[in-house]
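# Architecture and fold: a report
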Amino acid sequence: MKVFLCCLVCRFVHFVLQKLGRGATTLPGRVALKVKRNVLTDLSKDVKVIIVTGTNGKTTSCRIIEEGLKAAGKTYFINKSGANLITGITSSFIMNSTIMGKRKYEYAIVECDENAFREVSRYIRADVVLVTNVFRDQLDRYGEVTHTLNAIKESVKNLPNAVICLDADCSLTYSMSKEIPNKIVTFGVNVPFDSNAKAPEISDAKYCIFCKNEYDYTYHTYGHLGGFKCRNCGYSRPNPDFAVTSVAELKQNHSVVVASFNGSEYIVKVNIGGAYNVYNAIGCASALSSFGIDDKTIIKALEGFNGAFGRMEQFDCGDNKINIILVKNPAGFSQTMNFLKSIDDDFTMILSLNDNAADGRDISWIWDVDFAGIFDRENVKEIYVSGKRCYDMAIRVKYEGVGSREIKVIENEDYDRLVDIASQQGRDVYIVPTYTSMMTMRPTIAKRLGGKDFWE
């Protein structure tokens, strides 16, 4: 009876919020959880569940997995809005169940915040868990990397029957394999994206997590990811089950790689740019395979995926594109700058920094972003800063050195003006916002240039 009441109340709140033009992604679930705290146990018991967690790449990975299940002809639902706390996940399950709480779809793709995973894992019986990576994130929300790692590890221990897909190149993430009883499937990239890549000056995992000796690396991909080895205790990167064995192209809007899926090699075009999306792709291959999806279908998904909202999302603006690339922490921001350095055509850059609760109040992390070389490129024609902390970002960029360019400020979170400026550039524009800045500006961009609401 309580499950029925949860579903009824949740649907009513969802209906009202939708009529008011709201996303209705978390409040319906919050109300339902007041009625029955463990309602997720009832709603998920007959559904095959994959949970995606980790610092970077959750939303993109969920959308790639969605593409894979769609290509395989499976029925599924996904918390598409990215509402990845227990309230949003509960809303998603209720809205995709019958009024009596029975399943309507065979599969559920669940994006889950690392800290929220602790509670979610007590109620949902997951079949597969994909852990993308562990990087330093918002210090006021997540603390140091070991806090995030321990949150994921404790959560996984609640799911002893789940297959766990781990990034073999992340010394933090892979360390869980030594402490959990689950079946482990590993993924990684066997070669550097840049043959000249060196260890970052600031690393989230410089020392062995087991004995505290400094790691040696045979190569680096980005951040602390790569061929790590501790010469003191022997902890080292394994040979991954799913691996990128060579990188043929790393372009603005795609990559071409040779990938090994459990020993079978394929040439794969990843239909979205950026080195970090190569990791997302190979991680999703491991997760989809763990669900029994065949290699051919997985490759079709990787080659057909078009991006998630705010993550390499493109909007047409005449003959040009306005691109949004969400950033949340130093590693992701640094990789976005590396991606922009790969672009040859002229473009305008807009950096938008907020410090709301969902972004993290502490913005000192912007000083750890690696901007090296980006402002030396003559094709970066104009630089704008926006958001609540636009002047902090302006100072950070100024100290990096921008040559003769003027750093132009868009004050007061005036996103209508931002869209006006972006639309009048006559060249491609890359907007690099933090989370709440992206969530606030994106409806304005979508309304002006055409696009779906974020929850669709």
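Residues numbered from 1 in each chain as written. Predicted model: local features only at pLDDT ≥ 70, side-chain atom pairs only at ≥ 80, totals over all residues. Heavy atoms only, no water.

## With respect to helix 13 (residues 390-400)
To be explicit about the condition: Buried residues are those whose accessible area, probed at 1.4 Å on protein chains only, stays under 20% of the maximum for their type, while exposed residues exceed 50% and partly exposed ones sit between those limits. By definition, any uninterrupted DSSP run of H or I lasting at least four residues is a helix, any uninterrupted run of E lasting at least two residues is a strand, and each is numbered from the N terminus. In this description, one arc is meant: the one made by directions from the helix axis to the C-beta atoms. Contacts are assigned to residue pairs with any non-hydrogen atoms lying within 4.5 Å of each other.
Among all positions of helix 13, only Cys390, Met393, Ala394, Arg396 and Val397 are buried. The buried residues of helix 13 all sit within an arc of 165 degrees when viewed along its axis, so they share a single face. Residues of helix 13 that are exposed and point more than 90 degrees away from the buried face comprise Lys398 and Tyr399. Where helix 13 is buried, its residues touch helix 12 (330-341), strand 14 (347-352), strand 15 (380-386) and strand 16 (407-409). Directly beyond the C-terminal end of helix 13, a positive phi value near 95 degrees is found at glycine 401.

## Regarding the sheet that holds strand 11 (residues 264-270)
Backbone-to-backbone hydrogen bonds pair the strands of a sheet. The strands run either parallel or antiparallel. Going by this rule: For two strands to pair, DSSP has to find at least two bridges joining them. Lines are fitted to the C-alpha atoms to define the axes, a helix being fitted only along its stretch in contact, and any angle between axes, read from their N-to-C directions, falls within 0 to 180 degrees.
Pairing in this open sheet of 9 strands is mixed, and the strands run 2-3-1-4-5-6-9-10-11 from one edge to the other. Since the sheet does not close on itself, it has two edges, and those belong to strand 2 (76-78) and strand 11, each with one partner. In this sheet, neighbouring strand axes are inclined to one another by 20 degrees on average, regardless of whether the strands run parallel or antiparallel. Here strand 6 (residues 184-189) pairs with strand 9 (residues 242-250) via 3 bridges, running parallel. Across the sheet, residue valine 189 finds its bridge partner in strand 9, namely valine 244. Here helix 4 (residues 58-71) sits on the sheet in contact with strand 1 (48-53), strand 2, strand 3 (107-111) and strand 4 (128-131), set at roughly 165 degrees to strand 3. The strands touched by helix 5 (residues 86-95) are strand 1, strand 2 and strand 3; relative to strand 3, the strand with the most contacts, the crossing angle is about 160 degrees.

## What to know about helix 4
In plain terms, the rule: Multiplying 1.5 Å by the helix residue count minus one yields the expected span of that helix.
A rise of 1.5 Å per residue sets the reference length of helix 4, with its 14 residues, at 20 Å; its end C-alpha atoms lie 20 Å apart and thus fit the reference within 8%. Looking one or two places after helix 4, you find glycine 73, whose phi comes out positive at around 75 degrees.

## Considering the pairing of strand 14
Most of strand 14 sits inside the fold, with 6 of its 6 residues counted as buried. Side-chain alternation along strand 14 places Phe347, Met349 and Leu351 on one buried face and Thr348, Ile350 and Ser352 on a second face that is also buried. The pairing of strand 14 with strand 15 spans 6 bridges and is parallel. Residue pairing in the sheet places threonine 348 in a bridge with glutamate 382 of strand 15.

## Examining the packing of aromatic side chains
Let me state the cut-off plainly: In summary, the pairing rule links any two rings of Phe, Tyr or Trp, Trp by its six-membered ring, whose centres are within 6.5 Å, and it sorts them by plane angle into stacked for under 30 degrees, edge-to-face for over 60 and tilted for everything else.
Per the counting criterion, the structure on display carries 20 aromatic pairs. Considering the side-chain rings of tyrosine 215 and tyrosine 235, the 6.4 Å spacing of their centres and the 50 degrees angle between planes classify their relative orientation as tilted. Of this pair, tyrosine 215 sits in the loop between strand 6 and strand 7 (216-220) while tyrosine 235 sits in the loop between strand 8 (226-229) and strand 9; the two residues are 20 residues apart in sequence, bridging distant segments of the chain. Here phenylalanine 242 and phenylalanine 261 contribute two aromatic rings whose centre-to-centre distance is 5.5 Å and whose plane-to-plane angle is 40 degrees, an arrangement assigned as tilted. Of the two residues, phenylalanine 242 sits in strand 9 while phenylalanine 261 sits in strand 10 (residues 255-261), which places them 19 residues apart along the sequence. No difference in accessibility class separates phenylalanine 242 from phenylalanine 261, as the two residues are buried.

## Some details on empty space enclosed by the protein
Over the atoms rolls a probe the size of a water molecule, and its path tells where empty space is left. Here is the rule: Any residue with an atom within 4 Å of a point lines the site, the site being either a cavity, points on a 1 Å grid over the protein atoms alone where a 1.4 Å probe fits but cannot get out, or a pocket, an open set with protein on both sides within 12 Å along at least 5 of 7 lines. Grid points are joined across faces, edges and corners, and a volume is the space filled by probe spheres set on the points.
On inspection of all chains with the given rule, the structure shows 4 cavities of 30 Å³ or more. Put simply, the largest cavity is a space of about 390 Å³. Every residue lining the largest cavity is counted, 30 residues in all, and those nearest its centre are Asn56, Gly57, Tyr276, Asn280 and Leu326. Within the residue set of the lining of the largest cavity, elements represented by two or more residues are helix 4, helix 10 (275-290), strand 12 (311-317) and helix 12.

## What about unusual backbone geometry?
With phi around 50 degrees, asparagine 262 is a residue other than glycine that occupies positive phi space. Mapping asparagine 262 onto the fold places it in the loop between strand 10 and strand 11. Using a relative accessible area of 53% as the deciding quantity, one classes asparagine 262 as exposed. Non-glycine residue asparagine 412 carries a positive phi angle of around 60 degrees.

## Notes on the side chain of glutamate 313
Note the following rule: Identification of polar contacts relies on pairs of N or O atoms within 3.5 Å, with a donor-acceptor requirement for protein atoms, meaning one able to donate a hydrogen and the other able to accept it, and with residues adjacent in sequence counted only if both atoms are side-chain atoms.
Relative to the helices and strands, glutamate 313 resides in strand 12. A polar contact is formed between the side chain of glutamate 313 and the side chain of arginine 442, at a distance of 2.7 Å.

## Side note on the pattern of salt bridges
Let me state the cut-off plainly: Within this document, salt bridges are pairs made up of a side-chain nitrogen of Lys or Arg and a carboxyl oxygen of Asp or Glu, the two lying within 4 Å of each other.
Enumeration according to the criterion identifies 20 salt bridges in this entry. Residues glutamate 179 and lysine 153 are paired through a salt bridge, measuring 3.2 Å at the closest nitrogen-oxygen approach. Here the residue glutamate 179 occupies a position in the loop between helix 9 (171-174) and strand 6, and lysine 153 occupies one in helix 8 (residues 145-156), the gap between them amounting to 26 residues. Classification of glutamate 179 by relative accessible area gives partly exposed; the value is 36%. In this structure, the salt-bridge partner of arginine 396 is glutamate 400, at a minimum N-O distance of 3.0 Å. Here the residue arginine 396 and the residue glutamate 400 both occupy positions in helix 13, the gap between them amounting to 4 residues, near one helical turn. The exposure class of arginine 396 is buried, given its relative accessible area of 5%. We classify glutamate 400 as partly exposed; its relative accessible area is 30%. Sharing partners across several salt bridges, the network here consists of Asp355, Lys388, Arg389 and Asp392.

## A closer look at the nonpolar core
How we decide: Working definition of a nonpolar core: buried Ala, Val, Leu, Ile, Met, Phe, Trp, Tyr and Cys residues. They are joined through side-chain atoms within 4.5 Å.
In this structure, Ile51, Ile65, Phe93, Phe333, Met337, Leu340 and Leu351 are the most contacted members of the largest nonpolar core, which totals 118 residues. Considering every element that reaches this core, the biggest residue donor is helix 10, with 10 residues. With near-sequence residues (within four places) excluded, leucine 351 lies in contact with Phe333, Met337, Phe371, Tyr384, Val385, Ser386, Met393, Val397 and Val432. Ranked by size, the runner-up nonpolar core spans 20 residues in total, among them Ile324, Ile350, Val429 and Ile431.

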